[in-house]
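Structural overview
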Amino acid sequence: MTNTVKAAHQKELFGHPVGLYILFFTEMWERFSYYGMRALLVLYMTTETIGDERGAGLGWTSKEALALYGWYTMLVYVASIPGGMIADKILGQKKSVLLGAIILCLGHGVLVLTDTWAFYTGLGLVILGVGLLKPNISTMVGGLYKEGDIRRDKGFSIFYIGINLGSLLATMIIGVVVANWGWHAGFGLAGIAMVFGLLNYVYGQKFLKEVGNYVPNKIDENEVSYGKLYAKLFSSPKQLVIVAILLIASIYGWYTLDWGFGLLFIFLTAITALLVMIYKDLDSQVFKDRFLVLLLSFIMVIIFWGAFEQAGGLMNLYTETNTDRNLFGWEIPTVMFQSLNAGFIILFATLIASIWAKRKLKGKEASSLFKMALGIIIMGFGFLFMVFAAIEFEKSGSSSMIWLVLAYLFHTIGELCISPVALSFITKLAPVKYASLMMGVYFAATGLGNKVAGIVGESASEYGELTIFSGIVIFTVIFGLLFIMILKPLKRLTHGAEEKERVLKNDEAEGFELVEN
Ligand code: GLN
């Protein structure tokens, strides 16, 4: 038996590479700062400019504040597309995460200042920073595991706990800080959290030696050239027609809706053109099919977040105005209900990942696509409890908070079936030279889901909560079932990307980077 000393990046802790825990804590602090400042944003914007003990707010109407909030939460995720492209083309994932973390420290730091320019600059920097960090750190998690390593899904579930630990701590602490020291101390706390994240990431570099270094354009035959792909569009008539139709629709949207939507649609058209050309350019049917199934799965992602993200909007307002929040004579503050989701994730993430892994080892259906469709159905069922709540409210003028707890429980179980699973799925299926871009497109899909959620939530003022909640149950359950019905052909398109997963022996498992193709 040879007695070798393992290099730092090969060391393991609790059965996973140590690098996973470095990424876990970096993401935990990043999410702490993101969710911490997100929790303050609408409140800060709507607080009066004088007379509030937490300091001056911006004095906006709630409509103005919600509009900016909707665009901001969407842009944060849509920025993952350029963030992914920069990683694929210029920096590689590891350096992109570093740059993102530095920009985030600056962004949250600027928000400590009270001037209006600082507010917009800070938000802009946070969008850029999250765009660089979020998709690329997620791709790096996948890079820690070799193709076929059954631990990959579980690794993502552990990583997902880090995300939610950050969100839970932030939502519990930041409110207290703001109540005592004012808005800008709250923003400052988010900044300090991000500095911890940056320090942790820099310290952890020795555990991440083999991951996130891939920069395809350094290798000639693999060069990714978005310019060339766009140029090829003009010699591909079918693709050009599709893009032209989308462009005309976008311009129409600009005039009929507003310039914000117009710009968004034009941006999405440009991304669609790129994806269509990448598809055409891929050199084997296997990669083409995998690429296609990945994009189809993003439809599930948009629908999932479009319903799920009622949490911060419509369900939040429902908690505030329609729910009896009294518990033994104490009125539970509305914001505390926002912690339920993160708390449930921390409780159930590893349990659910283990159930799936056991199922897979027994040879039962546990494909990512199946889990994602099931996730939509389970989350959709959660809204049934909101339907009960709305019925109770219509009868008696107030509804019990147990409905909310049950709804958030189901939403969380659904989220665990789809969200960490989708992250892992992308790292299994994306062609390696477009891996970061595809992660970026995934996050952009979640961002679009956020926007859809806002639009659906707003329509409750016209149709009433009961109709909206019932509509969500019906739509999501039917949609999830339809996806399960077409599971077989969809799975065929993955060409067995998940079928060979098994427990790798220790020395076999020391592989890094993504699927090699
Ligand atoms: N709550 C998760 C996170 O912050 C999911 C966000 C998303 O995918 N849009 O990472």
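This section reports on the structure supplied with the text. Predicted, not measured: the structure shown is a model, and the values here were computed from it. (Residues numbered from 1 in each chain as written. Predicted model: local features only at pLDDT ≥ 70, side-chain atom pairs only at ≥ 80, totals over all residues. Heavy atoms only, no water.)

A few words on the site of the ligand. The full set of residues close to the ligand is Arg31, Tyr35, Tyr77, Lys134, Tyr160, Ile163, Trp305, Glu415, Phe443 and Thr446. In the environment of the ligand, an oxygen atom lies 2.8 Å from a nitrogen or oxygen atom belonging to the side chain of Arg31. In the model, an oxygen atom of the ligand is placed 2.4 Å from a nitrogen or oxygen of the Lys134 side chain. In the complex, 96% of the free accessible area of the ligand, which totals 300 Å², lies under the protein chains. When residues of the shell around the ligand are traced back to their parent elements, those giving at least two are helix H1 (18-46), helix H5 (151-181) and helix H15 (435-458). For the shell around the ligand, the residue count by class is six nonpolar, one polar and three charged. (Near = heavy atom within 4 Å. Polar contact = N/O pair within 3.5 Å; in protein donor to acceptor, adjacent residues only side chain to side chain. Areas by Shrake-Rupley, 256 points an atom, 1.4 Å probe, with all protein chains shown as cover. Helix = DSSP H or I, 4+ residues; strand = E, 2+ residues; numbered from the N terminus. Nonpolar A, V, L, I, M, F, W, Y, C, P; charged D, E, K, R; others polar.)

Turning next to helix H13 (residues 368-396). Between the first and last C-alpha of H13 there are 43 Å, a value that for 29 residues agrees with the 42 Å anticipated at 1.5 Å per step. Positive backbone phi, at 85 degrees, marks Gly397, one or two positions downstream of H13. (Expected span 1.5 Å × (residues − 1).)

This next bit is on the pattern of salt bridges. Using the criterion set out here, one finds seven salt bridges in the structure. Between Glu30 and Arg31 there is a salt bridge, and its shortest N-O distance comes to 2.8 Å. Like Glu30, the residue Arg31 is buried in the burial classification. The salt bridge involving Asp281 is made with Lys232; its shortest N-O contact spans 2.8 Å. You can see Asp281 sitting in helix H9 (residues 259-281) and its partner Lys232 sitting in helix H7 (residues 226-233), a full 49 residues away along the chain. Residue class for Asp281 comes out partly exposed when judged on its relative accessible area of 32%. Overall, the relative accessible area of 40% leaves Lys232 in the partly exposed class. By sharing partners, the salt bridges in this structure join Glu27, Glu30, Arg31 and Lys134 into a single network. (Salt bridge = Lys/Arg side-chain N within 4 Å of Asp/Glu carboxyl O. Buried < 20%, exposed > 50% of the residue type's maximum accessible area, 1.4 Å probe, protein only.)

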